[in-house]
Amino acid sequence: MNADKSMQQSTIQCVNALADAYPDIPVEVIFKEDLLRQGMAWSPEALEIAAEFKRKAYFICSFDMVPISEMGQRENLRAPEEVRLTGGPYHFRPVIVSVRLNPASLYRVESDSGCLVLKVDGETVAVVELQKSPEYYERKLASGKPIADIAPTIEWGYLLYLTTFRLCQYFGAQEECQFCDINENYRQQKKSGRPYTPIKTVEEIVEALEIIVSSNDESKAYTVTGGSITGFLEDKSEVDFYVRYPEAIEKRWPRRWISKVVVQALPKDEVQRLYDAGVQVYHPNFEIWDQRLFELYCPGKARYIGRDEWIRRILDSASVFGADKVIPNFVAGVEMAPPAGFSSVEGAIASTSEGLEFFMSHGISPRFTTWCPEPLSVLGKDQRGAPLEYHVRLLRAYRDMRAKYRLPAPIGYGEPGLGKAVFSVSSFMDVIPPLC
Ligand code: SF4
């Protein structure tokens, strides 16, 4: 099946054809990837129901396919963080999907006698379940800041997402990663009136976690992250700024959670400081394997650190954390983004597979975030994402490469396997075989 052919088919025909062509990839996963790359719309009735559940917190970027200014139903304030799809005509095993808003999407959540269902081309795909809002989402810090601003949860409650710096010092089209809307999203959230703290203090994070811990929360991991710091932030370098958070959390609650940090590829002595602070998993995100595209689409990273040095630092960090605890992210599909991306699925898969093989042969397993063409990012203005077939084939390549190098399930993502996985912005955990 090729991409051109898939474009002539209806959405549901395309999914069914891919399910037939690649029977080793569950149909739930194919729908999940399609929802992640195309977004979903909500009917007014469905939104009314959703507003009573855990709402989208905008934990770092927008991950939407329209700006807030074009959301006619105030979806930004009412849509849920994630949906769990089950049952329906395809007999879905539960699969959790991040909500990427797109009022024009052919995928639409509707209310059927008060029950939510996902439809595409008017046909029902699955039943939609929502997650109850945690009790602490209604609580505030002493300063009045909502906990959902300071310490939201994603992955169906598994992960506390602590974006401690909501901006990135790679600034403007010449430096920002071309798929990322972190800076623009910050501006639109502030403009919309959402409480959205640009720099969270260590004290704010600890105060929020005190409240969360006291409310029988079931989170299992936390991520400390934010934009890159190329110079100084509050007189601190990147490592000096970010290391303070796990240090304080681990001092107060040693090993209460799996501790993860997403920052740039840092020199080994700085990586060691993260490890010494109690961080267990390090994410020096690589984004795109192809050298030409890395330089074009991650211009700040390419200029300030450079691709070769980024790779060297990833390998160095494996000697600090252990290879299985170094997990660089790839933005799945962005290597097909116009104007410079691969024009064929074959080319894109071959390139990214080369990157997977390189890291996995060193015991390091990358992971994915399925690209969301955010209109406030440079590449997202043209919203042609990668074809669905690309995503299906990438997951197969990933699963098979992991098997080839006998890699253990990634740490800090919950259980692998369809029906168990909670990771919502890619299906990579859904396609890893379940633990015995
Ligand atoms: S380094 Fe790139 S991906 Fe990360 S926050 Fe900055 S612009 Fe976004």
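Note that this is a predicted model, so its numbers are computed, not measured.

Q: Honestly, the site of the ligand in this entry has me stumped. Any pointers?
A: Every residue lining the ligand is accounted for by Cys168, Tyr170, Cys177, Phe179, Cys180, Ile182, Gly227, Ser228 and Lys301. In this structure the site holding the ligand corresponds to the largest cavity. For the shell around the ligand, the class distribution of residues is six nonpolar, two polar and one charged.

Q: Sorry if this is basic, but what is going on with the environment of Met360 here?
A: Its place among the elements puts Met360 in helix H14 (residues 345-360). The spacing of Met360 and Gly144 is 216 residues in sequence and 46 Å in space, taken between C-alpha atoms. In contact with Met360, other than residues within four places in its own chain, are Ser365, Pro366, Tyr398, Met401, Arg402, Tyr405 and Leu407.

Q: Any chance you could explain the packing of helix H2 (residues 11-21) against helix H15 (residues 388-404) here in plain terms?
A: A pair of packed helices can be characterised by two numbers: the angle between their axes and the separation between those axes. It is the contact of H2 with H15, at a shortest axis distance of 10 Å, that shows an interaxial angle of 30 degrees. Taken as axis vectors, H2 and H15 run roughly parallel relative to one another. For the crossing formed where H2 meets H15, the hand is right-handed. Along the contact surface, H2 presents Cys14, Val15 and Leu18, while H15 presents Leu388, Glu389 and Val392. Its residues placed into classes, the contact of H2 with H15 shows five nonpolar, no polar and one charged.

Q: Would you mind showing me how to read the pattern of salt bridges here?
A: As a working rule, side chains carrying opposite charge can pair if their charged atoms are close by. Scanning the entire structure with this criterion turns up 23 salt bridges. In this structure, the salt-bridge partner of Glu204 is Lys145, at a minimum N-O distance of 2.8 Å. Of the two residues, Glu204 is situated in helix H8 (residues 202-213) and Lys145 in the loop between strand S6 (123-129) and helix H6 (147-150); the sequence distance between them amounts to 59 residues. Judged by relative accessible area, Glu204 falls into the buried class, the value being 11%.

Q: When you look at the pairing of S6 in this model, what are you seeing that I'm missing?
A: Residues in a regular strand project their side chains so that they alternate between the two faces of the sheet. With three bridges joining them, strand S2 (residues 82-87) and S6 adopt antiparallel strand pairing. Across the sheet, Leu85 pairs through a bridge with Val128, a residue of S6. Taken together, the four bridges between strand S5 (residues 115-120) and S6 define a ladder with antiparallel strand orientation. Within S6, the position partnered with Lys119 by the bridge is Thr124. Where S5 folds back on S6, the antiparallel hairpin that results is connected by two residues, among which Asp121 adopts a positive phi of roughly 50 degrees.

Thresholds applied
- Residues numbered from 1 in each chain as written.
- Predicted model: local features only at pLDDT ≥ 70, side-chain atom pairs only at ≥ 80, totals over all residues.
- Heavy atoms only, no water.
- Near = heavy atom within 4 Å.
- 1 Å grid on protein atoms, 1.4 Å probe; cavity = no way out; pocket = protein on both sides within 12 Å on 5 of 7 lines; lining within 4 Å.
- Sits in = over half its atoms within 2 Å of the grid points.
- Nonpolar A, V, L, I, M, F, W, Y, C, P; charged D, E, K, R; others polar.
- Helix = DSSP H or I, 4+ residues; strand = E, 2+ residues; numbered from the N terminus.
- Contact = heavy atoms within 4.5 Å.
- Axes fitted to C-alpha atoms, helices over the stretch in contact; angles between N-to-C directions.
- Parallel < 35°, antiparallel > 145°, perpendicular 65-115°, else oblique.
- Left-handed = near helix turned anticlockwise from the far one by under 90°.
- Salt bridge = Lys/Arg side-chain N within 4 Å of Asp/Glu carboxyl O.
- Buried < 20%, exposed > 50% of the residue type's maximum accessible area, 1.4 Å probe, protein only.
- Pairing = 2+ DSSP bridges.

Any functional reading would require information beyond the geometric quantities listed.
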